[in-house]
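# An overview of the molecular structure
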Amino acid sequence: PQVLLALWVYATVDGIGRVIQAMIGGVRAGKYSRGGRRYDIRVNLQDSDRASSADISRIFVRNNRGELIRLSEVTKILEKPTLLVINRKNRERAVGIFANVLPGKSQTEALGALESLAKSVLPDGYRIVLAGSSKTFQESFREFGWALLLGVVIAYMILGAQFNSFVHPFTVLLALPFSLSGALIGLWVMGLSLNMMSVIGILLLMGIVKKNSILLVDFTNQRRGGGLNPTEALLEACPTRLRPILMTSLSTVAGALPAALALGPGAEARAPMAVAVIGGILL
């Protein structure tokens, strides 16, 4: 009978990988100094010998018998499209999208349109995650609500200790909704959006309006302490406190007017804050 002997010649995957890395990517063979700095000495193929995928197949690798064979004898090259850079966020693959908001549009509208588009376009297993300024925008507005609520509670507590009453602080804080509506009306009239600068203006506005209320309520209580009934005390306190309230309010409006007009470079970023303050004080 005839006996056939088959001899398998192969190369390890580790050996193939090290050869391709050395010839294509290069390996550091040493260092040298020049001008007080240290530089790497990297050894690899010349650019003309590693310009195409066919050049990889001509690289020699040692087989299990220690012989040099061409890489094409033990490997096969398959070309497939792939990403040049793979970005990850929280250990998940991510693709970043950057865009600017059109004039006359708000960031809230842009994010809402993006979320609705993602629901209709993205397949199962894909989702959108806000990052950068968009994430800061949403977090800031969430924190703004808590800051506003906490500020009102703390103001009520301080006013309660000042007036020694649970009713008068509530009377003082009744002016806050009017200031908020005035700020929103001012932003709507000027065609501005509710952003971080306008939110800062609203917080500033709360303090100014609360101060005006304190002037009026405190003086009314003094008149009531002199023996007047609430109606008579108000009829005397309101005209008396009108002048200082108008003086401080008009001076604040005059100070915020240049920023509201958005004159000069970068002024459009400060305009929402000034418009919110002016609208709330005027109302």
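Please refer to the structure placed before this passage.
Each chain carries its own residue numbering, running from 1 in the direction its sequence is written. It should be noted that, the model being predicted, local features are given only for residues of pLDDT at least 70 and side-chain atom pairs only at 80 or more, the latter also being counted only at that level, while totals for whole chains, interfaces and linings use all residues. Water and hydrogen atoms were dropped before computing side-chain values, which therefore reflect all heavy atoms in the structure.

## Observations concerning unusual backbone geometry
Its identity is not glycine, yet Arg91 carries a phi of approximately 65°, on the positive side. What counts as a helix is a DSSP run of H or I of at least four residues, what counts as a strand is a run of E of at least two, and both are numbered from the N terminus. Looking at the secondary structure, you find Arg91 in the loop between β5 (87-89) and β6 (92-94). Although it is not a glycine, Asn164 sits at a positive phi angle of roughly 55°. Counting through the fold element by element, Asn164 comes out in the loop between α4 (132-163) and α5 (168-173). Note on exposure labels: buried denotes an accessible area under 20% of the residue type's maximum, exposed denotes more than 50%, and partly exposed covers the range between, all computed with a 1.4 Å probe on protein chains only. For Asn164, a relative accessible area of 71% puts it in the exposed group.

## Observations regarding the packing of helix α7 (residues 196-225) against helix α9 (residues 271-282)
Axis definition: a line fit to C-alpha positions, over the contact stretch in the case of helices; interaxial angles, taken between N-to-C directions, run 0 to 180 degrees. Where α7 contacts α9, the axes come no closer than 7 Å and their chain directions differ by 35°. For the pair α7 and α9, the sense of crossing is right-handed. Of α9, the residues touching α7 (which contributes Met197, Ser198, Ile200, Gly201, Ile202, Leu204, Leu205 and Ile208) are Pro272, Met273, Ala276, Val277, Gly280 and Ile281. Gly counts as polar in this scheme, as do all residues outside two lists: the nonpolar Ala, Val, Leu, Ile, Met, Phe, Trp, Tyr, Cys and Pro, and the charged Asp, Glu, Lys and Arg. Among the residues making up the contact of α7 with α9, the classes are represented as 11 nonpolar, 3 polar and no charged. We call a crossing left-handed when the near helix sits turned anticlockwise from the far one by less than a right angle, and right-handed when that turn is clockwise. The contact definition used throughout considers only heavy atoms, calling two residues in contact when any of these lie within 4.5 Å.

## Thoughts on the side chain of Asp55
Along the chain, Asp55 turns up in helix α2 (residues 53-57). According to the relative accessible area criterion, Asp55 is buried, its value standing at 8%. Setting aside residues no more than four positions away along its own chain, Asp55 makes contact with Ser48, Asp49 and Arg50.

## Topic: the pattern of salt bridges
Salt bridges are defined as contacts in which a side-chain nitrogen from Lys or Arg sits within 4 Å of a carboxyl oxygen from Asp or Glu. This structure, assessed with the given rule, holds 7 salt bridges. A salt bridge links Glu92 to Arg127; the nearest nitrogen and oxygen atoms lie 2.6 Å apart. One end of the pair, Glu92, is in strand β6; the other, Arg127, is in the loop between α3 (107-121) and α4, with 35 residues separating them in the sequence. In this structure Glu92 comes out as partly exposed when scored by relative accessible area, which is 39%.

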